[in-house]
Amino acid sequence: MVVLTIDRAIVDAIIAHARRDHPDEACGIVAGPVGSDKPSRHVPMQNAARSMTFYEFDSMEYLKVWRELDDRDEEAVVIYHSHTATEAYPSRSDASIAGWPDAHYLLVSTRDPAAEEIRSFRIVDGAVTEEPVRVVDATVDPHAVQTYMFGQSPATVDYECSGR
Amino acid sequence: MAIEVRIPTILRSYTGGAKVVEGGGDTLSELLSDLDSRHSGLRGRLVTEEGGLHRFVNVYVNDEDVRFLGALDTKLSDGDTVTILPAVAGGAFGFAAAAAMLGNRL
């Protein structure tokens, strides 16, 4: 099964962006080297719709960011946006508009100020498939910890699919 | 007249996997028809049955969004670069409202 593996610092930055723009929806990408499936550079983007129920990349910023990806041999490994009053699950419009079949579509819900709600999906030809999110803490050296049982690494949090 | 056209991943099934193709035409509409003669079906992904550009496709000539240049009537010149990007959009939007905005795409 495909898993999104993403650094804790990047998840924190995405959630901070979503909380900052709440109650409007926030959006952006995490870039990584082409073919690496490694999200490594967070690029918060403007929501041109400035709406509580809709988001859209600003057309000129989108072109600029995608040219920069090309120049750096990167691609959008993650495309994220927030839902501010509903669950972190793609809406019908999310699924029908999604145009990057190789990206992880990460959704953040900011409906509960105290809870962290993130989920990740593949969206291909309008079909939505959830995938687990593995948040890793790159500040901890994994070689320093050798005796944890499988699934108990303190540096990793696994978000399983919720089975919807 | 050669115009370079940059094709996003999702439309490369029409171009045999090519990331960049070339075409000709005095306007964007002519260019898309020219491309469609070699990459059948491509125009239909960008232009609606009513003859307008799809709402959720971004097309740029050099550094400009064609929505501000005259859409399909945008004039082209030799050496121009056309970039096609699928819009990144969505949100917790009601289905009926989204369907109205998307028109025949749903």
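The structure under discussion appears in the preceding block.
Here we summarise the structure given alongside this text. Source: prediction; values computed, not measured.

What follows concerns the environment of A:Leu63. Along the chain, A:Leu63 turns up in helix H2 (residues 59-71). Once residues within four sequence positions are removed from consideration, A:Leu63 is found in contact with B:Tyr60 and B:Thr83.

To continue, consider the interface of chain B and chain A. At the junction of the two partners, chain B supplies 22 residues and chain A supplies 27 residues. Those elements giving two or more residues to the side of chain B that touches chain A turn out to be strand S3 (57-61), strand S5 (81-86), strand S6 (89-90) and helix H3 (95-102) of chain B. Alignment of strand S4 (residues 55-56) of chain A against S6(B), held across 2 bridges, turns out to be antiparallel. Bridge pairing in S6(B) links A:Tyr55 to B:Gly90.

A few words now on unusual backbone geometry. Each neighbour pair has its own omega, and for A:His22 with A:Pro23 the value is 10°, a cis peptide bond. Along the chain, A:Pro23 turns up in the loop between helix H1 (8-21) and strand S2 (27-33). We note that A:Arg50 has phi near 40°; this positive angle belongs to a residue other than glycine. Summarising the element assignment, A:Arg50 is placed in the loop between strand S3 (41-45) and S4. With 12 C-beta atoms counted inside 10 Å, the residue A:Arg50 sits in the exposed group. For B:Asn62, which is not glycine, the phi torsion reads 55° and is therefore positive.

Let's shift gears to H2(A). Its 13 residues place the ends of H2(A) 19 Å apart at the C-alpha level, agreeing with the 18 Å of an ideal helix rising 1.5 Å per residue. The positive-phi residue at the C-terminal boundary of H2(A) is A:Asp73, with phi of around 55°.

In this section: the sheet that holds strand S2 (residues 20-23) of chain B. Each strand in a sheet pairs with its neighbour through backbone hydrogen bonds, running either in the same direction (parallel) or in the opposite one (antiparallel). All names here are of chain B. Spatially, 5 strands are ordered S2-S1-S5-S3-S4 in an open sheet, and the strand pairing comes out mixed. Looking at which strands have only one partner, the edges of the open sheet turn out to be S2 and strand S4 (64-65). Taken strand by strand, helix H1 (residues 28-38) contacts strand S1 (3-6), S2, S3 and S5, and its axis lies near 110° from that of S2.

What follows covers the environment of B:Val57. Residue and element names in this part refer to chain B. Assignment of secondary structure puts Val57 in strand S3. C-alpha separation for the pair Val57 and Ala87, spaced 30 residues apart in sequence, amounts to 5.0 Å. Leaving out residues up to four positions away in the same chain, Val57 has contacts with Leu46, Ile84, Pro86 and Ala87.

Moving on, we come to the sheet that holds strand S6 (residues 104-109) of chain A. Residues and elements named next belong to chain A. The strand order across the open sheet built from 6 strands is S3-S2-S5-S6-S7-S8, with neighbouring strands paired in mixed fashion. Only two strands of the sheet have a single neighbouring strand rather than two, namely S3 and strand S8 (127-131). Neighbour-to-neighbour, the strand axes of the sheet open up by a mean angle of 30°, direction not taken into account. Here strand S7 (residues 117-124) pairs with S8 via 5 bridges, running antiparallel. Its bridge partner being in S8, Arg122 is matched across the sheet by Thr129.

Here we come to H1(A). All names here are of chain A. For H1, built from 14 residues, the straight-helix expectation of 20 Å at 1.5 Å per residue is met to within 8% by its first-to-last C-alpha distance of 20 Å. Buried within H1 are the following residues: Ile10, Val11, Ile14, Ala18 and Asp21. For H1, the buried positions fall inside an angular range of 105° around the axis, keeping them on one side.

It is worth spelling out the pairing of S5(B) at this point. Residue and element names in this part refer to chain B. Pairing of S1 with S5 involves 3 bridges; the strand directions are parallel. Along S5, the bridge assignment pairs Glu4 with Thr81. One ladder, built from 5 bridges, connects S3 with S5; its direction is antiparallel. Bridge pairing in S5 places Val61 opposite Val82.

Reading the values: rules and limits
Residues numbered from 1 in each chain as written. Chains lettered and ligands numbered in written order. Predicted model: local features only at pLDDT ≥ 70, side-chain atom pairs only at ≥ 80, totals over all residues. Helix = DSSP H or I, 4+ residues; strand = E, 2+ residues; numbered from the N terminus. Contact = placed C-beta atoms within 7 Å. Pairing = 2+ DSSP bridges. Buried ≥ 20, exposed ≤ 12 C-beta atoms within 10 Å, placed from the backbone. Expected span 1.5 Å × (residues − 1). Axes fitted to C-alpha atoms, helices over the stretch in contact; angles between N-to-C directions. Arc of directions from axis to C-beta.

Function cannot be read off these values alone, since they describe shape.
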